[in-house]
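# Tertiary structure, described
Each chain, letter by letter, is given below.
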Amino acid sequence: MLKYEILLIFHLYNPIKVKEEHIKSSGSSNLTLTPVTEFIIYGFPSLQNYQTLLFCVFLFIYLFSLSGNGIIFLLVLLDQRLQTPMYFFVSHLSFLDMSYTSVTIPKMLAKFSMRLDTISYTACFVQMYMFLSLTATECLLLSVMAYDRYIAICSPLHYTAIMTKRLYIILSAAVWSGGFITPVTVLILALKLPFCGPNIIHHYYCDHPPLLQLACTNTSFNVAVGSSIGAFILLISFTLVIISYIKIILIVLKINSNDGRRKAFSTCASHFTVVNIFFLPLIFMYVRPTASYSSDVDSLVAMFYTVLTPMMNPIIYSLRNKDINIAFRKKINFKSVR
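Residues numbered from 1 in each chain as written. Predicted model: local features only at pLDDT ≥ 70, side-chain atom pairs only at ≥ 80, totals over all residues. Heavy atoms only, no water.

## Quick word on the packing of helix 5 (residues 121-154) against helix 10 (residues 220-252)
Which entries qualify depends on this criterion: A fitted line through C-alpha atoms serves as each axis, taken over the contacting stretch for helices, and the angle formed by two N-to-C directions is quoted from 0 to 180°. Comment: elements are numbered from the N terminus, with helices defined as DSSP H or I runs of at least four residues and strands as E runs of at least two. Oblique is the label for every angle not falling under 35 degrees (roughly parallel), over 145 degrees (roughly antiparallel), or within 65 to 115 degrees (roughly perpendicular). Take the far helix as your reference; a near helix turned counterclockwise from it by less than a right angle gives a left-handed crossing, and one turned clockwise gives a right-handed crossing. Any pair of residues with heavy atoms lying within 4.5 Å of one another is described as a contacting pair. We call Asp, Glu, Lys and Arg charged. Ala, Val, Leu, Ile, Met, Phe, Trp, Tyr, Cys and Pro are nonpolar, and the rest, Gly among them, are polar.
With their axes 9 Å apart at the nearest point, helix 5 and helix 10 run at an angle of 20° to one another. With respect to helix 10, the element helix 5 is oriented roughly parallel. For the pair helix 5 and helix 10, the sense of crossing is left-handed. Residues Ala136, Cys139, Leu140, Leu142, Ser143, Ala146, Tyr147, Arg149, Tyr150, Ile153 and Cys154 of helix 5 touch helix 10, and the partners they reach there are Ile233, Leu234, Ser237, Leu240, Val241, Ser244, Tyr245, Lys247, Ile248 and Ile251. Grouping the amino acids of the contact of helix 5 with helix 10 by side-chain chemistry returns 16 nonpolar, three polar and two charged.

## Notes on the nonpolar core
Nonpolar side chains in soluble globular proteins generally cluster together in the buried interior. Selection criterion: Each nonpolar core is a collection of buried residues, namely Ala, Val, Leu, Ile, Met, Phe, Trp, Tyr and Cys, held together in the definition by side-chain atoms within 4.5 Å. When accessible area is computed with a 1.4 Å probe and restricted to protein chains, residues below 20% of their type maximum are described as buried, those above 50% as exposed, and intermediate ones as partly exposed.
Membership of the largest hydrophobic core comes to 81 residues, with the highest contact counts inside it found for Phe39, Phe195, Phe279, Tyr286 and Tyr305. Of all the elements, helix 5 adds the most residues to this core, at 16 residues. Residues in contact with Phe195, not counting those within four places in the same chain, are Thr34, Pro35, Val36, Phe39, Tyr121, Phe125, Ala190, Leu211, Leu214, Ala215 and Cys216.

## Notes on the packing of aromatic side chains
Our working definition: For Phe, Tyr and Trp, where Trp contributes only its six-membered ring, two rings pair if their centres lie within 6.5 Å, and the inter-plane angle classes them as stacked under 30 degrees, edge-to-face over 60, or tilted in between.
Inspection of the entire model under this criterion finds 23 aromatic pairs. Ring geometry for Tyr245 against Phe272: centres 5.5 Å apart, planes inclined by 50°, an arrangement best described as tilted. In this pair, Tyr245 sits in helix 10 while Phe272 sits in helix 11 (residues 258-286), placing the two residues 27 residues apart along the sequence. Taken together, the aromatic side chains of Tyr100, Phe131, Tyr204, Tyr205, Phe238, Phe278, Phe279 and Tyr305 make up a single cluster linked through ring pairs.

## Observations regarding the environment of Phe39
Secondary-structure assignment places Phe39 in strand 1 (residues 38-41). Along the sequence, Phe39 and Cys124 sit 85 residues apart, while their C-alpha atoms lie 7.5 Å from each other. If near-sequence neighbours (up to four positions away) are discounted, Phe39 is found in contact with Asp117, Thr118, Ile119, Tyr121, Cys124, Phe125, Phe195, Asn199, Ile201, Leu211 and Leu214.

## Thoughts on the sheet that holds strand 3 (residues 200-201)
Defined as follows: At least two bridges found by DSSP between two strands is the condition for calling them paired.
An order of 2-1-3 is seen for the three strands of this open sheet, with the pairing classed as mixed. Since the sheet does not close on itself, it has two edges, and those belong to strand 2 (118-120) and strand 3, each with one partner. One ladder, built from three bridges, connects strand 1 with strand 2; its direction is antiparallel. Note on strand 2: the bridge partner recorded for Phe39 is Ile119. Helix 5 rests against strand 1, strand 2 and strand 3 of the sheet, and its axis sits at about 90° to strand 2.

## Quick look at the pattern of salt bridges
To keep it simple, the criterion reads: Basic side-chain nitrogens of Lys or Arg form a salt bridge, by our definition, when they fall within 4 Å of a carboxyl oxygen of Asp or Glu.
Going through the model one piece at a time under the given rule, you end up with two salt bridges. Two residues, Asp79 and Arg81, come together in a salt bridge whose shortest N-O distance is 3.7 Å. On the basis of relative accessible area, Asp79 is assigned to the buried category, the value being 2%. On the basis of relative accessibility, which here comes to 49%, the residue Arg81 falls in the partly exposed class. We note a salt bridge from Arg149 to Asp148, for which the minimum N-O separation is 3.3 Å.

## Regarding the state of the cysteines
To keep it simple, the criterion reads: What counts as a disulfide here is a pair of cysteine sulfur atoms lying within 2.5 Å.
For the structure shown, the criterion picks out two disulfides. Across the disulfide from Cys124 sits Cys206; the S-S distance is 2.0 Å. With the S-S bond torsion at -115°, the cross-link from Cys124 to Cys206 turns out left-handed. Here Cys124 is found in helix 5, whereas its partner Cys206 is found in the loop between strand 3 and helix 9 (208-212), with 82 residues between them in sequence. Per residue, the accessibility class of Cys124 equals that of Cys206, and both read buried. Note that Cys196 is cross-linked by a disulfide to Cys216, the S-S spacing being 1.8 Å.

## Comments concerning the side chain of Thr306
The test is simple: Whenever two N or O atoms come within 3.5 Å, that pair is a polar contact, provided that in protein one can donate a hydrogen and the other can accept it, and provided that, for residues adjacent in sequence, both atoms are side-chain atoms.
Tracing the backbone shows Thr306 in helix 12 (residues 295-319). By relative accessible area, Thr306 is classed as buried at 1%. Among the polar contacts listed, one links the side chain of Thr306 to the side chain of Tyr204, at a separation of 2.7 Å. Within the local environment of Thr306, its side chain forms a polar contact with the backbone oxygen of Ala302, the two atoms lying 2.7 Å apart.

## Some remarks on helix 13 (residues 322-331)
An α-helical turn contains 3.6 residues, so any two residues separated by three or four positions project in the same direction. Just so we agree on the cut-off: By arc we mean the arc of the directions from the helix axis to the C-beta atoms, nothing more.
Where helix 13 is concerned, the buried positions are Ile324, Ile326 and Ala327. For helix 13, the arc enclosing every buried residue in end-on projection is 165°, short of the 170-degree limit, so these residues lie on one face.

Below you can see the structure in the form of structure tokens.
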């Protein structure tokens, strides 16, 4: 009993060393540790005294993201003039962002307002899988949207012939299916890991890197598989986006009109800024060894793609768009501004 208590106390300060001790002792003694049935979402350790402020900030961000993305999704669905490939993909992005934020932020709000910081074992892994799936789906969708913009700007006369309804439906189906299939291997491998304590997740939602830190065994294989899959999805998607925007910029430079060139550059720059805010923190988080995990740094970095990007997407992609504004005014019975 004394040995068990010493091991648990030592585990809190040196989880990697205790895994080794546990593995060594398991073959020579009857020492067993109780399996974890729930996890504690710690999150923002340096801001524990600002729970009310955090609740207000995240509630505002969540409501803004839901309302902005929800309006765009409904407008594209209801307005016939927005039934084009570009807005079709934008509506998918809006639905993704609503789903994306709903996976993580409600649990954060419950923690900040009611101190409900526990999450069951099953719910934690469901949250991790849904988050990884939606993240992979958004990566693929952003690359498809960049390709769509490339065709529209670089080959405008052939756009309708290339981007047919059949093609963009196939692309959207591939994006969603690919996004939800990709993390299955990571989930299965993580579910096979033993979790015997401690159960404190130093992050504000259940994510793959912090969960691996709590496993009572060697997780190097999980790290290698997770990093490989993350690198494949993130780097391939980001490379396709980069190539598309480089080709778009080269075409824009050939525009004779200064106003036309300025407008095109403004649009491309805003889109590319949001893409960078989304992709670069993700690459930092998932394409690296878990040994470099830092709860404070990673919680801050994760804010960019879990909170900031879903809030900015409605502004950058749609609310500044003339067609969206006209459709919005039409739906609330105002005169359209020509």
